[in-house]
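Descriptive structure summary
Here is what each chain is made of, one letter per residue.
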Amino acid sequence: MGVTGQPAEAESTPQPAQVRNVIVTGAAQGIGLGIAQVLAEAGFAVALADIQGDLAEAEAAKLRGAGHKAIGIGLDVSADASWKAALAAAEAAFGPVDALVNNAGISPRGTAEMTDEALWERCLGINLKGSWLGIRAVLPGMRARRFGRIVNIGSTRASRPLRGLFAYGVSKAGLLGMTQQVAVEYVTDGIMTNMVAPGWVDTPGERLLQQRHGREDFPAGLQNLITVEDVGRAVRYLLEPGGDRVNGLILYLDAGLHVADDAGMIYLPEAEHNRYEQRL
Ligand SMILES: NC(=O)c1ccc[n+]([C@@H]2O[C@H](COP(=O)([O-])OP(=O)(O)OC[C@H]3O[C@@H](n4cnc5c(N)ncnc54)[C@H](O)[C@@H]3O)[C@@H](O)[C@H]2O)c1
């Protein structure tokens, strides 16, 4: 027996690495905030990073008031310099960042023709390039420590296109590819990279969009609604030891929407979007 009363072998066995400090992007509201809350309540130190820096800090202050470890950081995910500053701020507060949750995103509506170059640049710049910049920022530290977890927030629409979600669908399909690419490139560095792909979630951003498109009562009548807590718990699973050997997974969190591929399971403002019909 060792001095602590434990078998000597146990004293010398190194403890497996585990996630302690997490950055969640787009965490001032909606899904990102839900993820941050679930993770903070589970004992992780969470940096809530968002372009709405003041709101992120206000939410972080509420979490601190409840006895959790949290800070708010201003971050524009589409700007590399902003990532460097945000990572430095998170590490100054809690130490090395073990996990990154790329959640910040926008979902503009429009077909391929309705999408102009500015909208394309903005959507792909935040949803796709923003996630890559974040991954690139955290990789050196994770590789040096030979441990890390990356979770990208995708969408059922990454693999099941819906009419009128052109730039968004393309960005999330790209994020799916990026998830698998990074998973393959860095698995030997002890870094696990996965995607959580939710179906419809009632969030401030989605409500605003639906209202703009004439759907004042969103999410009334919507089937298989996913909650922000659902997404938070899925992310938590991937960051806890249960996720230690999970890599390159696309975790669909949509009550089977992607399997049935039945857009009729959801309610969209224009009836023609509810069903796919081949009209030649
Ligand atoms: N709501 C849904 O139905 C749904 C479904 C599937 C996937 N998602 C995805 O979940 C993520 C969050 O969506 P949400 O519905 O919570 O949206 P939301 O609009 O309610 O929240 C998005 C957050 O991201 C922040 N953000 C926007 N641009 C940013 C930038 N450049 N840098 C940093 N932060 C920025 C916003 O300030 C906001 O706090 C998105 O990636 C979205 O595509 C949403």
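Refer to the structure printed above.
The present account deals with the structure reproduced in this document. Model, not experiment: these values are computed from the prediction.

The strand order β3-β2-β1-β4-β5-β6-β7 describes an open sheet built from seven strands, whose pairing is parallel. Only two strands of the sheet have a single neighbouring strand rather than two, namely β3 (70-74) and β7 (250-253). This sheet shows a mean twist of 20° between the axes of neighbouring strands, independent of strand direction. Both strand β1 (residues 21-25) and strand β4 (residues 99-102) contribute to a ladder of three bridges, which runs parallel.

Right, let's talk about the layout of surface pockets for a bit. A volume near 1,200 Å³ is recorded for the largest pocket. When residues of the lining of the largest pocket are traced back to their parent elements, those giving at least two are α2 (30-41), β2 (45-50), α5 (117-145), α6 (166-186) and α7 (204-212). Top element by residues in the lining of the largest pocket is α7. It accounts for six residues. Here the residues of the lining of the largest pocket are counted per class, giving 20 nonpolar, 17 polar and nine charged.

Further remarks concern empty space enclosed by the protein. In total, this model carries one cavity of 30 Å³ or more according to the counting rule given. Quantified by volume, the largest cavity comes out at close to 30 Å³. In terms of lining residues, the largest cavity is bounded by Asn21, Val22, Ile23, Ala45, Ala47, Ala90, Phe94, Gly95 and Val97. No other element matches the three residues that β1 contributes to the lining of the largest cavity. Residues of the lining of the largest cavity, tallied by class, amount to seven nonpolar, two polar and no charged.

Taken together, the side chains of Trp120, Phe166 and Val170 make up a nonpolar region of the molecular surface, amounting to roughly 220 Å² of accessible area. If you trace the backbone, Val170 turns up in helix α6.

Close contact between α5 and α6 brings their axes to 8 Å; oriented N to C, the two are set at 15°. On the basis of the axis angle, α5 is roughly parallel to α6. The interaxial crossing formed by α5 with α6 has right-handed handedness. On α6, the residues touching Trp120, Cys123, Leu124, Asn127, Leu128, Ser131, Trp132, Ile135, Leu139 and Arg143 of α5 are Phe166, Ala167, Tyr168, Val170, Ser171, Lys172, Gly174, Leu175, Met178, Val182 and Tyr186. The residue makeup of the contact of α5 with α6, split by class, is 15 nonpolar, four polar and two charged.

About the thresholds
- Residues numbered from 1 in each chain as written.
- Predicted model: local features only at pLDDT ≥ 70, side-chain atom pairs only at ≥ 80, totals over all residues.
- Heavy atoms only, no water.
- Pairing = 2+ DSSP bridges.
- Helix = DSSP H or I, 4+ residues; strand = E, 2+ residues; numbered from the N terminus.
- Axes fitted to C-alpha atoms, helices over the stretch in contact; angles between N-to-C directions.
- 1 Å grid on protein atoms, 1.4 Å probe; cavity = no way out; pocket = protein on both sides within 12 Å on 5 of 7 lines; lining within 4 Å.
- Points joined across faces, edges and corners; volume = space filled by probe spheres on them.
- Nonpolar A, V, L, I, M, F, W, Y, C, P; charged D, E, K, R; others polar.
- Patch = residues over 30% accessible without salt bridge, like charges linked within 9 Å, V, L, I, M, F, W, Y side chains within 5 Å.
- Areas by Shrake-Rupley, 256 points an atom, 1.4 Å probe, with all protein chains shown as cover.
- Salt bridge = Lys/Arg side-chain N within 4 Å of Asp/Glu carboxyl O.
- Parallel < 35°, antiparallel > 145°, perpendicular 65-115°, else oblique.
- Left-handed = near helix turned anticlockwise from the far one by under 90°.
- Contact = heavy atoms within 4.5 Å.

Just distances and angles here, no functional claims.
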